[in-house]
Amino acid sequence: MRPGYGAVEARAAGDAIRHRINVKPRVGIILGSGLGGIAQTIEEPVRMPYRDIPGFPSATIAGHAGELVTGILGGTPVAAMSGRFHLYEGHSADLTGFPVRVLHALGAAILIVSNAAGGVRASLAPGTLMLITDHINFMFRNPLVGPLQAGDTRFPDMSEPYDPALRAVAQRVAKEQGLDLAQGVYAAELGPSYETGAEVAMLTRLGADAVGMSTVPEVIVARALGMRVLGLSCITNLACGLSATPITHDEVLETTAKVAARLQRLVRGIVSSL
């Protein structure tokens, strides 16, 4: 790991944040494209632009506000990253996972990750919420490469990266709320180009249900730190080749806006149950 995004730097960033916030977060939340509305529902919020956090670049992608919001959600102290860093922006894998180290340094033992994704499985129509059961790393990058960081497991087990007990909570809450919550495997590609039709056919054969360009580096870091992880995808479009209409980022943001209220209600219910 190159200097700048390890355990020491995470503690320094955590110290800088801690002096400005009013809670010790139990849950860290990372919000994907167009899903930052959850941060607007946090009570007693304290907002910090990424530029004020040591080691954080500014967010550059539409739909990513680029701020840390701390406060109370569903009666639980949380820290929410409204926007993330992506490999396709030119960031290193260790930087894309760095916010998780900072959330852990602040005290979060549980990480909830969300993303916008394309539906590979035919039954995942745009607007579907999907509980991530597992992932496939087609980014071919790993944020743990380099010297072992303090607090990390050198060889973290990834047989169940998404915590079964947390998934059970999500399913129970969704049922109580009358929400349809699909389940599936998330495949992460490097991007920024969308996948080809042949790549989607390959992903189908390999067992992927949805595809996106984020999340996996964050989950790997979380598991190395011993954090429990819950993952949620908002299916915003059919994956390339499954529709005659070309995919655009505007379409992604339009769909997430339509399902934002359902996702916010689900995440609040999950957090309040932890």
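Computed from a predicted model, the values in this text were never measured in an experiment.

Colleague: I'm lost on the nonpolar core in this one. Help?
Modeller: Soluble globular proteins tend to pack their nonpolar side chains together in the buried interior. In this structure, Ile17, Ile53, Phe56, Leu68, Leu103 and Leu111 are the most contacted members of the largest nonpolar core, which totals 46 residues. Setting aside chain neighbours within four positions, we find Phe56 in contact with Tyr50, Met81, Phe85, Phe98, Pro99 and Val102. With 31 residues, the next largest nonpolar core counts Val27, Ile29, Leu31 and Leu181 among its residues.

Colleague: Which parts of the structure should I look at to understand the environment of Val267?
Modeller: Its place among the elements puts Val267 in helix α6 (residues 249-272). With relative accessibility at 3%, the residue Val267 sits in the buried group. For the pair Val267 and Ala174, spaced 93 residues apart in sequence, the C-alpha separation works out to 9.5 Å.

Colleague: I tried to follow unusual backbone geometry on my own but got confused; where do I start?
Modeller: Apart from glycine, the bulk of residues carry a negative phi angle, and the bulk of peptide bonds sit in the trans form. Cis rather than trans, the peptide bond between Gly191 and Pro192 has omega equal to 5 degrees. Tracing the backbone shows Pro192 in the loop between β7 (181-189) and α4 (197-206). One non-glycine residue, Glu44, lies in the positive phi region at around 50 degrees. Turning to its location among the elements, Glu44 is positioned in strand β2 (residues 43-49). For Thr215, which is not glycine, the phi torsion reads 80 degrees and is therefore positive. Structurally, Thr215 is set in the loop between β8 (210-212) and α5 (216-224).

Colleague: What is the right way to look at the packing of aromatic side chains in this model?
Modeller: Describing an aromatic ring pair means giving the distance of the ring centres and the angle of the ring planes. Evaluated as defined, the whole model comprises six aromatic pairs. Members of the aromatic cluster, connected to one another through ring pairs, are Tyr5, Tyr50, Phe56, Phe85 and Phe98.

Colleague: Is there a simple way to explain the pairing of strand β1 (residues 27-31) in this structure?
Modeller: Regular strands have side chains that alternate between both faces of the sheet. Among the five residues in β1, five count as buried, and that is most of the element. Burial of the side chains of β1 extends over both faces: Val27, Ile29 and Leu31 are buried on one face and Gly28 and Ile30 on the other. Sheet topology places β1 next to strand β4 (residues 76-82); five bridges connect them, and they run parallel. Note that in β4 the partner of Leu31 across the bridge is Ser82. With four bridges connecting them, β1 and strand β5 (residues 110-119) associate as parallel partners. Following the sheet pairing, Val27 is matched in β5 by Ile110.

Colleague: I tried to follow the pattern of salt bridges on my own but got confused; where do I start?
Modeller: It is possible for side chains of opposite charge to pair when their charged atoms get near one another. In total, this model carries nine salt bridges according to the counting rule given. With a shortest N-O distance of 3.1 Å, Glu67 and Arg47 are connected by a salt bridge. In this pair, Glu67 sits in strand β3 (residues 67-73) while Arg47 sits in strand β2, placing the two residues 20 residues apart along the sequence. The shortest N-O distance in the salt bridge between Glu176 and Arg172 comes to 3.1 Å. Taken together, the residues span about one helical turn, with Glu176 and Arg172 both in helix α3 (residues 164-177) at a distance of four residues. With a relative accessible area of 58%, Glu176 lands in the exposed category.

What counts, and where the lines are drawn
Residues numbered from 1 in each chain as written. Predicted model: local features only at pLDDT ≥ 70, side-chain atom pairs only at ≥ 80, totals over all residues. Heavy atoms only, no water. Core = buried A, V, L, I, M, F, W, Y, C linked by side-chain atoms within 4.5 Å. Buried < 20%, exposed > 50% of the residue type's maximum accessible area, 1.4 Å probe, protein only. Contact = heavy atoms within 4.5 Å. Helix = DSSP H or I, 4+ residues; strand = E, 2+ residues; numbered from the N terminus. Phe/Tyr/Trp six-rings, centres within 6.5 Å; stacked < 30°, edge-to-face > 60°. Pairing = 2+ DSSP bridges. Salt bridge = Lys/Arg side-chain N within 4 Å of Asp/Glu carboxyl O.

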